[in-house]
Amino acid sequence: MWKKESYLETKIGIINDVNKDIEYIKEAADIIYNGGIVAFPTETVYGLGANALNEDAVYKIFKAKGRPQDNPLIVHVASKNIDKLVKEVPEVAKDLIERFWPGPLTIILNKKEIIPNRTSANLESIGIRMPNNEIALKLIELSGCPIAAPSANISGRPSPTDVERCIEDLDGKVDCIIGWKKSDVGVESTIVDCTVVPPVVLRPGGITLEMLREVCKDINIDKAIQGKPDANLKPKAPGMKYRHYAPKAKLQIIKGNKEKTIEKINEIVQNYIDNQKKVAILATEEISSRFPLGEIISLGSEKNLYEVARNLFEALRKCDDLNVDFILCEAFEEKGVGLAIMNRLNKAAGFNILEV
Ligand code: TXA
Ligand code: MG
């Protein structure tokens, strides 16, 4: 039988007890140290890591994911001291690091030469973060190097928030997969560019704009975050320009007054069903009983948008499992973590929004 040229024997280690299962992490750290690639848990989503200082290792990440070469990687560290990696840390970045690390916040700073161009996709800057996840921190410490890691999905698919989804995307393509619990945050880290004054949020995430403004009043937000990208509105994070987080089916967001939204969703679902199409509805539990037709996929309670964020990517992947033709979802208020939820939903929907 033909074997795919890229086929790798992937070691899979599931952590039940961090102390007892430390051998898995040690082995994964050795793989990273020796130039291999490892999928591992973080508090945001699972990442696919390599030694950030080893160009050949980093190249393997791009290859395994099918990631465009102009999309830089985030460098993960296990300490707040990043002087070896960046030229300078401005005061505002120091304040943000002090307040939010370890945690879902990536800071963009000017890189030192030690960071290869492959990692930064030829940019002068790099994104750095210290994840708030025991396994991730142990893996970085034991491998003895900063770990470059994008989300552990095949490019374009929703990011994986548990190990099963990593295995689905990466088994046979990476050296090792380390599994632990489901990611707590569920959407990727907030990215703040601190190479400009005032700093600019390039991607919304678990650390909200409101939280950032408590530390730094003067902080802007990249206009491309909320708008459909066009020639005049290029996102500053190269990765944000790509179609992303996308399920196979077409997703439409319905925005407006709650009752009208429910009514509209039911009307559209009926129409699809009349045309022999399969439809899924991503619904908060407060309104899920209002949809008599279609596959209902719960996002959790609208009273807790962190729960919605945690469930979002898995819900999109479930739609793929169900092989639906269309997906409908209500819009969320763009406040707090709602800004990150709407950013991911908008991208997954290709900005297909119907206002009612
Ligand atoms: O939560 C996260 O950040 C996860 C976990 C694994 O840590 N990682 C993640 O990586 O989301 P990725 O590769 O899926 O997204 C990285 C984003 C891309 O949009 C990329 O363009 C942007 O960060 N980025 C990285 N370096 C940058 C830089 N120097 N300037 C601007 N944007 C940058
Ligand atoms: Mg990603």
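All figures in this text were calculated on a predicted structure; none of them were measured in a lab.

A closer look at the sheet that holds strand E1 (residues 11–14)
Spatial ordering of the open sheet is given by E1-E8-E2-E3-E7-E4-E6-E5-E9-E10-E11, a layout of 11 strands whose pairing is mixed. Each end of this open sheet is capped by a strand with a single partner; those strands are E1 and strand E11 (220–221). Looking at chain direction, strand E5 (residues 105–110) and strand E6 (residues 125–129) are connected through four bridges and run antiparallel. From the neighbouring strand, Ile-108 faces E6, where its bridge partner is Gly-127. Its contacts with the sheet place helix H2 (residues 55–65) against strand E3 (47–51) and strand E7 (147–148), and it is angled at close to 155 degrees to E3.

Brief notes about the sheet that holds strand E12 (residues 250–255)
Spatially, five strands are ordered E14-E13-E15-E12-E16 in an open sheet, and the strand pairing comes out parallel. Sheet topology places strand E14 (295–298) and strand E16 (353–355) at the edges, where each strand pairs with a single neighbour. On average, each strand axis in the sheet is inclined to that of its neighbour by 25 degrees, with strand direction left out of account. Sheet contacts for helix H9 (residues 305–322): E12, strand E13 (279–283), E14 and strand E15 (326–330); angle to E14, the most-contacted strand, approximately 155 degrees. Contacting E12, E15 and E16, helix H10 (residues 338–348) runs over the sheet at an angle of about 135 degrees to E12.

Describing the packing of helix H6 (residues 163–170) against H9
At a minimum axis distance of 12 Å, the contact between H6 and H9 shows a crossing angle of 50 degrees. Judged by the angle between their axes, H6 and H9 are oblique. Crossing of H6 over H9 shows left-handed handedness. Residues Arg-165, Glu-168 and Asp-169 of H6 lie in contact with H9, whose contacting residues are Glu-314, Arg-317, Lys-318 and Asp-321. By residue class, the composition of the contact of H6 with H9 is no nonpolar, no polar and seven charged.

Thoughts on the domain arrangement of the protein chain
The figure often quoted for interface size is the accessible area lost as the parts come together. Partitioning the protein chain into structural domains gives domain 1 (3–225) and domain 2 (250–355). Taken over C-alpha atoms, the centre of domain 1 sits 29 Å from the centre of domain 2. Taken together, domain 1 and domain 2 are joined by six salt bridges. A salt bridge links Arg-344 to Glu-188; the nearest nitrogen and oxygen atoms lie 2.8 Å apart. Here domain 1 and domain 2 share 13 residue pairs in polar contact (both at pLDDT 80 or more) between them. Secondary structure elements with two or more residues in the side of domain 1 that touches domain 2: H6 and helix H7 (209–215). Looking at the side of domain 1 that touches domain 2 element by element, the count peaks at three residues for H6. When the residues that make up the side of domain 1 that touches domain 2 are grouped by side-chain class, the tally is nine nonpolar, nine polar and 10 charged.

Here we look at the packing of H9 against H10
Interaxial distance between H9 and H10 falls to 9 Å at its minimum, and their mutual angle equals 20 degrees. As judged from the angle between their axes, H9 and H10 are roughly parallel. Seen from above, H9 lies across H10 with left-handed handedness. Along the contact surface, H9 presents Leu-305, Val-308, Ala-309, Leu-312, Phe-313 and Leu-316, while H10 presents Gly-338, Ile-341, Arg-344, Leu-345 and Ala-348.

Looking at the state of the cysteines
What the rule picks out here adds up to zero disulfides. No disulfide involves Cys-216; its sulfur sits 7.5 Å from that of Cys-194, the nearest cysteine. The thiol sulfur of Cys-329 is not disulfide-bonded, and the nearest other cysteine sulfur, from Cys-319, lies at 9.1 Å.

As for the side chain of Glu-330
The topology assignment puts Glu-330 in strand E15. Assessed through its relative accessible area of 4%, Glu-330 is described here as buried. Polar contacts involving the side chain of Glu-330 include one to the side chain of Lys-258, which spans 3.4 Å. In terms of polar contacts, Glu-330 uses its side chain to reach the side chain of Thr-284, at 3.1 Å. The contact partners of Glu-330, leaving out residues within four places of it in the chain, are Ile-253, Ile-254, Lys-258, Thr-261, Ile-265, Leu-282, Ala-283, Thr-284, Ile-287, Glu-302 and Leu-345.

Conventions used here
Residues numbered from 1 in each chain as written. Chains lettered and ligands numbered in written order. Predicted model: local features only at pLDDT ≥ 70, side-chain atom pairs only at ≥ 80, totals over all residues. Heavy atoms only, no water. Pairing = 2+ DSSP bridges. Helix = DSSP H or I, 4+ residues; strand = E, 2+ residues; numbered from the N terminus. Contact = heavy atoms within 4.5 Å. Axes fitted to C-alpha atoms, helices over the stretch in contact; angles between N-to-C directions. Parallel < 35°, antiparallel > 145°, perpendicular 65-115°, else oblique. Left-handed = near helix turned anticlockwise from the far one by under 90°. Nonpolar A, V, L, I, M, F, W, Y, C, P; charged D, E, K, R; others polar. Domains from an automatic or database assignment. Salt bridge = Lys/Arg side-chain N within 4 Å of Asp/Glu carboxyl O. Polar contact = N/O pair within 3.5 Å; in protein donor to acceptor, adjacent residues only side chain to side chain. Disulfide = S-S within 2.5 Å. Buried < 20%, exposed > 50% of the residue type's maximum accessible area, 1.4 Å probe, protein only.

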